[in-house]
Amino acid sequence: MEGLADRLAELQGRVADACASSGRDPGEVELLAVSKTFPAEAVLEAYEAGQRNFGESRQQEAATKIEVLPGDIRWHFIGGLQRNKVRKVLSSFPVVHSMDSVRLLEHSDRIAGELAVKTQVYLEVNIAGEESKGGFLPDDLLAVGGTLVGFAHLEIRGLMVIPPEGESRRWFAETRILRDRVESATGLKLPSLSMGMSGDFEDAIREGATIVRVGSALFGHRSYMQ
Ligand SMILES: *Cc1c(COP(=O)(O)O)cnc(C)c1O
C-alpha cells in the first residue's frame, strides 16, 4: 500500500508542477497538512517524512495531539474561532487562518499581548457573499481597512478563502484582486493567500496561493465532516 511519505512526495511534486506551469517559484508556496480527524500517529508519520506545518480546526482535538507530538511542529488553526477559545488557541498555534471580524482581531490582539506571543493571522473572506459562510464580505473588508493597521501582537499575513464549490478558480482570482485592493486602500502589506484544498489546490496556486491546505489527499478519506 502507498504510504503517507509517498503521498506527501507526490503532493509536493504536484505543487512544484503547478508552480512551474504558472511561472512561479516553488519556494513561494507552502503545503499545509490538514490533520483534523486524523490521529497523532498519522501526523508523526508525515513529520518523519519531513512535514512541519499542520492544520487543525478544533482546539480540543488539536490539544491532545499537540501534547504528544514534537515541539518543532508549526500548528495552524484553520477552523471557526470562538472568542472563548482564543486564549487556548493563541497559546499553541503560531498561525490562525480564520480571523473573521474586527472584534475578534481586537480581542485576539489583547490576548496575544497578555500571552506575550506574536501570532500570524489571515483574514477569512466570504468572497462570494454566501449566506451559509462566515468571513469578511469583500465590501466590509474594504470598509474596515484602516482599523486593520496597528495590531501590536498580530501580524496580518493576508487573506484566506474557502470558495463556493464548483467554481473555485474564479473565486481564487477574485480573492487575489480583493487582496490587491485592500493593500492599496490600507497600505498594509498582505503577501500571503491561504487558498486551495485537496480538490483544487493546483488552481489556487495558478491564481497566487502562497499556502495550500491539503487534508484528504494526504491523510485519506475523513470518516466524518468537520
Ligand atoms: C478540512 C479543511 C481543509 C482540507 O480539506 P481537504 O479537502 O481534505 O483537503 C482545508 N481548509 C479548511 C478550512 C478545512 O476545514
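Structure's up top.
Residues numbered from 1 in each chain as written. Predicted model: local features only at pLDDT ≥ 70, side-chain atom pairs only at ≥ 80, totals over all residues. Heavy atoms only, no water.

Participant: Sorry, what's going on with the overall build of the chain here?
Facilitator: Scanning the chain for helices and strands turns up nine helices and eight strands. At 17 Å, the chain has a C-alpha radius of gyration in line with the 17 Å of a compact globule built from 226 residues. Expressed as a percentage of the 226 residues in the chain, the buried residues total 51%. The long-range share in the chain, meaning contacts at least 24 apart out of those at least 6 apart in sequence, stands at 59%. Carbon together with sulfur atoms contributes 48% to the accessible area of the chain, which is approximately 10500 Å² in total. Across the chain, the mean location of the 26 positive side-chain charges is 4 Å away from that of the 33 negative side-chain charges. (Helix = DSSP H or I, 4+ residues; strand = E, 2+ residues; numbered from the N terminus. Rg over C-alpha atoms; globule rule 2.2 N^0.38 Å. Buried < 20%, exposed > 50% of the residue type's maximum accessible area, 1.4 Å probe, protein only. Contact = heavy atoms within 4.5 Å. Areas by Shrake-Rupley, 256 points an atom, 1.4 Å probe, with all protein chains shown as cover. Lys, Arg positive; Asp, Glu negative; His and termini not counted. Charge placed at Lys NZ, Arg CZ, Asp CG, Glu CD.)

Participant: Sorry if this is basic, but what is going on with the pattern of salt bridges here?
Facilitator: Opposite charge on two side chains lets them pair, provided their charged atoms get close. If you walk through the whole model with that rule in mind, you get 15 salt bridges. With its nearest N and O atoms 2.6 Å apart, the salt bridge here joins Glu-207 to Arg-169. Of the two residues, Glu-207 is situated in the loop between helix H8 (201-206) and strand E8 (211-214) and Arg-169 in helix H7 (residues 168-186); the sequence distance between them amounts to 38 residues. Assessed through its relative accessible area of 11%, Glu-207 is described here as buried. On the basis of relative accessible area, Arg-169 is assigned to the partly exposed category, the value being 35%. Each of Arg-169, Arg-176, Asp-203, Arg-206 and Glu-207 takes part in one network of salt bridges that share partners. (Salt bridge = Lys/Arg side-chain N within 4 Å of Asp/Glu carboxyl O.)

Participant: What exactly am I supposed to notice about the nonpolar core here?
Facilitator: Buried together is how nonpolar side chains tend to be arranged in soluble globular proteins. Grouped together as the largest cluster of nonpolar side chains are 62 residues, with contacts concentrated most on Leu-105, Leu-123, Leu-141, Val-212 and Phe-219. Top contributing element to this core by residue count: helix H1 (residues 4-21), with six residues. Setting aside chain neighbours within four positions, we find Phe-219 in contact with Leu-4, Arg-7, Ala-33, Val-34, Ser-35, Phe-38, Ala-42, Val-43, Ala-46 and Phe-54. Ranked by size, the runner-up nonpolar core spans seven residues in total, among them Val-34, Ile-78, Tyr-122 and Met-160. (Core = buried A, V, L, I, M, F, W, Y, C linked by side-chain atoms within 4.5 Å.)

Participant: I would appreciate a short explanation of empty space enclosed by the protein in the present structure.
Facilitator: Applying the stated rule across the entire model yields one cavity of 30 Å³ or more. In this structure, the largest cavity occupies an estimated 40 Å³ of space. Lining the largest cavity we find Glu-124, Val-125, Asn-126, Ile-127, Glu-130, Lys-133, Gly-134 and Ile-162. When grouped by side-chain class, the residues that make up the lining of the largest cavity number three nonpolar, two polar and three charged. (1 Å grid on protein atoms, 1.4 Å probe; cavity = no way out; pocket = protein on both sides within 12 Å on 5 of 7 lines; lining within 4 Å. Points joined across faces, edges and corners; volume = space filled by probe spheres on them. Nonpolar A, V, L, I, M, F, W, Y, C, P; charged D, E, K, R; others polar.)

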